[in-house]
Amino acid sequence: MEGQAKQAYFVNEAFNHEEPPQGGGASGVGGGGDNLHRRKSGGNKELQLDMGGLKKGQDVAGSDPPSMDFDDILPLIGEFGRYQKLLFICMIPFSFFVAFVYFSQIFLTLVPEQHWCHVPELDGLDVEARLALSIPMSNGEYNNCYMYDVNYTELLAQGKVMADPKWPRVKCRHGWSYNFTEIPYSTVATEQNWVCDDAALPTYAQSIFFLGAIVGGLLFGWVADRFGRIPALIGTNMMGLLAGVGTAFVGNFWQFAAMRFFVGFAFDNCFTMMYILVLEYVGPKYRTFVANMSIAIFFTGAACLLPWIAYFLADWKLLAIVTSAPLLLAIFTPFVVPESARWLVSQGKVDKAVGILKKLEKGNGRQVPAQTYQIFADSCKRMREQEAQNGNYSVLDLFKSPRLRRTTLLLIVIWMAISLVFDGHVRNVGSLGLDIFFTFTLACFTELPADTLLTVILDRFGRRWLACSSMVLSGVFSLLATVVPVGIYSAALAIMGRFFVNISYNIGLQWAAEVLPTVVRAQAVAFIHIMGYVASIIAPFVVYLANISQALPLIILGILGIIGGLLSLLLPETLNHVLPQTLSDGEEFGRGQSIWDFPCLAKQVDDDEEEKRNGDVEEVRSQAFVRGTQTGASLNASTGGELRSSILRRSIKSRNSTKL
């Protein structure tokens, strides 16, 4: 029986257990009702046996019921076995989907910088002759929006070849002519002449896209909560498919805007639901790798490929169809990807969740005793009974105490700054003075080194100073790009700004999930994420300011980056700290910390050496305040991916309610 207990009961220090605020929780083997005995965390991410209260020969039944959650059982069925590797590969198409949904409008609405009023009477002349006779000069270049108001038939009859600058001017009457040398295809913007007075229409359409993302997040979040993650994943991709293909058949701006609104429903849930599902079935030891590398490799690869798909197709309607049609593959998801076991448990379908785990066990070639599954099922049922304890809190509770109110407002402002700066850099590539296809590819490629670097350093240097330094550096490089000549130098500096904001983006909402107390974490992070979408709605208008001054968008992005970075110093560090659970924990969290505290400089004591010196002294903490992780590495993976999704509230809610 002792051997079975060892197999059945584990304490995993790499996962964020989110216990109820007070009482009622199932304690570990040998644990008391009010206190939980555990070792002081030394940053160890490995699985550890906890035989705390079990003495040799003692049966499990002779003590309090053992508790086991998903992260305790995953090492037994395989943390990253054949089945999980298959799921990891299955993330590839969904990574392409979200990249295409997010970025495709850039290449659907491109407008060549060189465009001029079309004069039908001069169609028989070459381009230079037409421009010389019909288009006034402005700052040494031909004006994009005005032509001379004269009788061109008479001018041709008189043999005129040069315009008189004193001739009267008028806005374009017969549309525009475009130079398609740099952008080798017609777009919806050029076909419908969204230039001059209508130049802001693509900007409006992009903002409407983000409005759709907010509505879609709420809608498919409800679907995910009510019917499961797989139906929501299929639904959001089908919406993206239909609206994306429909974009190719629009006849005016409002039709285009409507299609982009519904395409927005698919952002970013068309990928993130799959992202969450895969992370649920990957063991804590590998979550950081899967969470970051799926973005760094798959998403980055798709984003870098997109401009060249547009370039070689050279047809905006075909581009809309080609980038949307693959979403149809989502209908095959149920045949490969299992439903969320955590969601099944939250719905009381524990037997189905156990069935999925047994499928993983078989796929990985493992053998898990039946008693282990029984302990797991019993734990799930006990945890679910405690769900109501977290149901009486809301986001408003964060604003009732001074420190929590300050922290929440800081998180909102910082995340809005990060979201705006990130999206601004994404869409400002067309204003950098270089070939947009090459520049976009290079800028997107920065995601790979940014995510890789973050995977290595995040749990060494902590959140606060990494967020501050990356945001400030993003702002500094953005500002420097405005004081050098437009071209390769300004583009290189702007791309460095994009690199650093990539790092900030990946830190941002994970940090929020760690700082905010468990009882309101799900709702609060979802609210902060929505505020990020609000900032993204503004971002296209910031980029549009390039029509006034090419440097203006980068100046705004630079200032916001520096302000956001400096504000992040006012938030508490979470690395190697017990995370807050109750509102009172949240109010006290970070009190006494200095902004000059660096986790990497803190004295690290090896657990084994500490045991030898202290005689294996244990730390006794209140059950209401104990966590299973102090490192944050697994939180980066298990919640970091969810934080990109507007369905986070539902996903974390299910996890909180089951304590899994």
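The protein has the name Major facilitator superfamily (MFS) profile domain-containing protein in an unreviewed UniProt entry, where Drosophila gunungcola is given as its organism. UniProt's Subcellular location (unreviewed entry) comment on the protein is quoted here verbatim: "Membrane".

S.K.: Give me the state of the cysteines: which residues, what numbers.
M.R.: If you walk through the whole model with that rule in mind, you get 2 disulfides. Covalent S-S linkage joins Cys-117 and Cys-172, the inter-sulfur distance amounting to 1.7 Å. A torsion of -70 degrees about the S-S bond marks the disulfide between Cys-117 and Cys-172 as left-handed. Separated by 55 residues along the polypeptide, Cys-117 in strand β4 (residues 115-117) and Cys-172 in the loop between β8 (169-171) and β9 (176-178) bring together distant segments of the chain. Relative accessible area serves as the criterion here: at 16%, Cys-172 is assigned to the buried category. The disulfide partner of Cys-145 is Cys-196, and the gap between their sulfur atoms is 2.0 Å. Classification of the bridge connecting Cys-145 and Cys-196 rests on its S-S torsion, roughly -100 degrees, and on that basis the disulfide is left-handed. With a gap of 51 residues between them, Cys-145 in the loop between β6 (141-142) and β7 (146-148) and Cys-196 in the loop between α6 (188-191) and α7 (201-227) connect regions that are remote in the sequence. By relative accessible area, Cys-145 is classed as partly exposed at 22%. Counting only the cysteines that form disulfides, in the order they appear in the protein, gives the pairing 1-3, 2-4. Here Cys-304 stays free of any disulfide, with the sulfur of Cys-444 as its closest cysteine sulfur at 5.5 Å.

S.K.: Kindly report on unusual backbone geometry, identifying the contributing residues and their values.
M.R.: Here the phi dihedral of Asn-193 falls at roughly 55 degrees; this positive angle occurs in a residue that is not glycine. Relative to the helices and strands, Asn-193 resides in the loop between α6 and α7.

S.K.: Mind laying out the environment of Ile-559, listing which residues take part and the relevant values?
M.R.: Position of Ile-559 relative to the elements: it lies in helix α22 (residues 552-568). Residue class for Ile-559 comes out partly exposed when judged on its relative accessible area of 43%. Separated by 138 residues in sequence, Ile-559 and Val-421 place their C-alpha atoms 9.6 Å apart.

Calculation rules
Residues numbered from 1 in each chain as written. Predicted model: local features only at pLDDT ≥ 70, side-chain atom pairs only at ≥ 80, totals over all residues. Heavy atoms only, no water. UniProt positions renumbered as here; feature names shortened; annotations may be inferred. Disulfide = S-S within 2.5 Å. Helix = DSSP H or I, 4+ residues; strand = E, 2+ residues; numbered from the N terminus. Buried < 20%, exposed > 50% of the residue type's maximum accessible area, 1.4 Å probe, protein only.

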